[in-house]
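# Remarks on the overall topology
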Amino acid sequence: MNKKIAHIIVFFIFSLPIIVIFNTQQIIDAAENKDFEQALKTAPKGLHWDNASFSIADFKQAAINRYGKAPSPDDSLNLTNNAKIFDVDPTDPESTSVIEMTNAGHQTGAVWSNMNNENYFDISKDQIASMWLYLGTINHNEPGDGMAFVLQNDKNKNNSIALTADGIPVNGESLGVWGADWIHNDDNQDRLTKAITSSAIQNSWALEFDTFIDKEEANSSTKEGRSFDYDPFKTLEKHIAGGYPALKDTYKFVSYYPHYFTMNHTNYQAVPDLAGTITKEKDGTISDVINRWRHVTISWSHENNQLTYAYNDKDPNTSKPITGSQRITSTFNIDPKNFGLTDGNTKLYWGFTGSTGNYSENNLLIFESIPSYVDAQATTSIYNDSTSTAVPDGSSVDALDDLTYNYTLTYKGWNKTWSQIKAKMKIPKNITFTSGEVIYSNGDKEELPTEIFKNATDSIDYQLKETLKTGNNSAIIQLHGHANAPSNNLKTTVPSAHAHFAGDNLITDTDTDSFTIIPRTITLNSETSNPIEINKNQDVDIPAKISFHGSNSITPDLSKLSVYQKLNNQSMPTKVNTTINSNGEFVLHLDKSQLNQFSTTISFYAKDDTNTTKNLGETNTISRTIQIGGSVFFSEISNNVSFSPINSVNDKQLITRSGDWHVKVTDTREKGSSWIVYAKASKLIDNSKHYLNGDIVYRSDSNDILHDLQESTNIAQHIKQDDNDQNTDITLWTPQNGILLETNSENNSGLYKGTISWSLIDSIDQKK
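Residues numbered from 1 in each chain as written. Predicted model: local features only at pLDDT ≥ 70, side-chain atom pairs only at ≥ 80, totals over all residues. Heavy atoms only, no water.

### Description of the nonpolar core
Counting 44 residues, the largest nonpolar core has Phe149, Trp205, Leu207, Phe209, Leu307, Tyr311 and Phe352 as the members making the most contacts within it. Counting residues per element, this core draws most heavily on strand β7 (residues 127–135), which supplies 4 residues. (Core = buried A, V, L, I, M, F, W, Y, C linked by side-chain atoms within 4.5 Å. Buried < 20%, exposed > 50% of the residue type's maximum accessible area, 1.4 Å probe, protein only. Helix = DSSP H or I, 4+ residues; strand = E, 2+ residues; numbered from the N terminus.)

### Quick look at the sheet that holds strand β38 (residues 574–576)
If you walk across this open sheet you meet the 5 strands as β35-β41-β40-β37-β38, and the pairing is mixed. Lying at the two open borders of the sheet, with one neighbouring strand each, are β35 (532–534) and β38. Averaged over neighbouring strand pairs, the angle between their axes works out to 35° when direction is ignored. Of the strand pairs in this sheet, strand β37 (residues 562–567) and β38 are connected by 3 bridges, and their pairing is antiparallel. Bridge pairing in β38 places tyrosine 564 opposite lysine 575. (Pairing = 2+ DSSP bridges. Axes fitted to C-alpha atoms, helices over the stretch in contact; angles between N-to-C directions.)

### Describing the sheet that holds strand β29 (residues 474–483)
Strand order across the open sheet formed by 6 strands is β22-β21-β24-β29-β26-β27, with antiparallel pairing between neighbours. What marks the edges here is a single partner per strand, and that holds for β22 (389–390) and β27 (445–447). With 3 bridges connecting them, strand β26 (residues 431–440) and β27 associate as antiparallel partners. Within β27, the position partnered with valine 438 by the bridge is glutamate 446.

### What to know about the pairing of β37
With respect to burial, β37 is a largely interior element, 5 of its 6 residues being buried. In the sheet, β37 pairs with strand β40 (residues 599–607) via 6 bridges, with the strands oriented antiparallel. Bridge pairing links serine 562 to lysine 607 in β40. Hairpin connection between β37 and β38: a loop of 6 residues separates the two successive antiparallel strands, and asparagine 568 in this loop has a positive phi of roughly 50°.

### Points about the pairing of strand β39 (residues 585–590)
Burial along β39 is one-sided: Phe586, Leu588 and Leu590 are buried, while Glu585, Val587 and His589, pointing the other way, are not. For strand β36 (residues 540–548) and β39, the ladder comprises 6 bridges, and the chain directions are antiparallel. When the bridges of β39 are listed, proline 543 appears paired with valine 587.

### Here we look at unusual backbone geometry
Here the bond from glycine 144 into aspartate 145 is cis, since omega is -5°, no more than 30 degrees from zero. Note on placement: aspartate 145 falls in the loop between β7 and β8 (146–152). Across the junction of asparagine 530 and proline 531, the peptide omega takes the value 10°, indicating a cis bond. Inspection of the secondary structure puts proline 531 in the loop between β34 (522–525) and β35.

### Topic: the environment of aspartate 154
By secondary structure assignment, the location of aspartate 154 is in the loop between β8 and α3 (189–199). On the accessibility criterion, aspartate 154 (4% relative accessible area) is buried. Excluding anything up to four places from it in sequence, aspartate 154 contacts Arg66, Ser160, Ala200, Ile201, Gln202 and Asn203. In terms of polar contacts, aspartate 154 uses its side chain to reach the backbone amide nitrogen of glutamine 202, at 2.7 Å. (Contact = heavy atoms within 4.5 Å. Polar contact = N/O pair within 3.5 Å; in protein donor to acceptor, adjacent residues only side chain to side chain.)

### Comments concerning α3
For α3, every residue scored as buried is listed here: Leu192, Thr193, Ile196, Thr197 and Ser199. Against the buried residues of α3 lie α2 (59–67), β11 (251–254) and β12 (260–263). Put simply, asparagine 188 is the residue that caps the front of α3, since its side-chain oxygen is 3.1 Å from the backbone nitrogen of aspartate 190.

### Points about the packing of aromatic side chains
Across all of its chains, the model carries 27 aromatic pairs by this definition. Centroid distance phenylalanine 253 to phenylalanine 261: 5.4 Å. Interplanar angle 65°. Geometry classified as edge-to-face. The pair formed by phenylalanine 253 and phenylalanine 261 is uniform in burial state, with each residue classed as buried. By way of ring pairs, the aromatic residues Trp49, Phe54, Phe121, Phe149, Trp300, Trp350, Phe352 and Phe367 are connected into one cluster. For the cation-ring pair, lysine 416 lies above tyrosine 373, with the distance from its terminal atom to the ring centre recorded as 4.8 Å. Just above the ring of tyrosine 564 sits the side chain of lysine 607; from NZ or CZ to the centre is 5.7 Å. (Phe/Tyr/Trp six-rings, centres within 6.5 Å; stacked < 30°, edge-to-face > 60°. Lys NZ or Arg CZ within 6 Å of the ring centre and 35° of its normal.)

Take it as geometry only, folks, not as evidence of what the structure does.
Here you go:
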């Protein structure tokens, strides 16, 4: 099967009024601006999603829901949710989406998963959430206060936030999730404990990334508490820790007057460099902003109710995993009873809260995976085609052995599909890739264009054409190549190489194994293609060359070497009567009588079996498949095609094609051979992420039925009537037939784009 893609461009012209919207914006400190600019400039690639995936909490509604009334008008400024969602590059429809939680002092932010869009955390199943956190240092060379990852079943749902008894969102040390320690002149411990626990987000568990050390004892004149981290017997640091915000055991009452609370941190991990730093000159000007995105993976095991996080587990520049002491991890035992779930419900809201006090920072988030959207895994393996054996980590191969690198993407399920997967596979050192393909679990196969390998310098980059989903849940990317011959005739290491897979609903990574290349004094190479395609009743000649890699003081006579071959399942190789010239060049000849009817496999190598050439040993083995009967392939596909422009659409219309459309099939096989072409089209979308209200369809010459090309559709098929080579253009349609565009109703003006995938199969569809 052979596939290629043509881009579809649909152009609509409408007359619409221009609307200009002006927004007010808080004035931010110069350090914050520079820090924010640096953060976006260095932002790693993450998911793009619309605002329907997450909800920005309504703090006023939260107060009404909890206390039955809104706060007084004097507190209206405190009700602002400072969180916002935007794209790193607003002009790019696939740009990384960013959540900004806070950016100045005395702010509170909260963003929650939108259950109405199937975004939730299901504790009855294993879950993974991965993201990039940015906790930048801003004012006074001191950051504040941080963010918290929260699981919750609060009655406020996606409007949840920590609230005082007056309905005011709690900022500062609360991080928007812990209780408010704002009362210091009451002597009743039970009343104070109830006040702090009832103001927290209820039925919740939180993992805090705390960038400010709240170590001040209470002052009766200070409304907001700053003592959660106070411990006179402990060195205090910025930290990561967890706990239940609404449980009294989370807080420790200190009876000194004025009274205050400290926090019982679970699994406290000191992280002194949790936030970045800024550098200032003597005159106070900012000379540099040193900041860092940090990757976090949060995993839930439903069997033992454990949540594990890994902080700083991936490099933001290379996406390679980070190991050792720089990677911080911890596991929590969580009691699901504390979520207050009833009636068998196992779904929680999940999200982030953040807050600042007198000190501030840019708190930013980028997601790589959303727990209930897609669960998928990337794995790798290496296969030695020359020896028909696997290549595990730490093993070895011979120089010039043919190798296949397998990158397996496995879709495990959940609520959304995984599509538009862009693969970036680093080329391992001392390996040369020459070809590749993608094999899907539904049986489809697509060849990687040869241009990818010709132009590749550092990585093989390719976007998969199909979507991984239920019924087509895996794709294996196979890269074929060989182990390079070491130039110094010494053992050479092939190090692990990174692979990155970024799709619409998941970004994930994997790494290949490392192994050693064993040098050979002599190596064998052949520039012939694999498979070798020939016509029936035809001999085969395979040119090859032996190269010597030994000392310059030795000049062996390569013509004295012998060539051995194995055909198909032959048990032992046989010596071949062939002539090798002084440069090591020879031609391996196979008579047509030695070949099977359709396909023949051959492997061959050269060997010093007489010891007359200074014990050179033997070369690597080369394997080829000889395919008999010619081939069938796409000889031409128009890369960019379009439909006719239209001015308005109120009812259903069929829009004809515009310009040149060509899809040509060349068949060099024998009489009676057959082929079929399928086409499948994506939805059309404009730069503003608006989908066209319509579909690409196909209508044959023989009937008026319109076939929606969102499903793979038979476009053409043919049976050869003679043995001559044939070239067929399947796009010789009338304006009323072939591929058309069906519009259903009015659409936004703009330029709409999409893709058509073409599949060529060497068989006939008997159902057409």
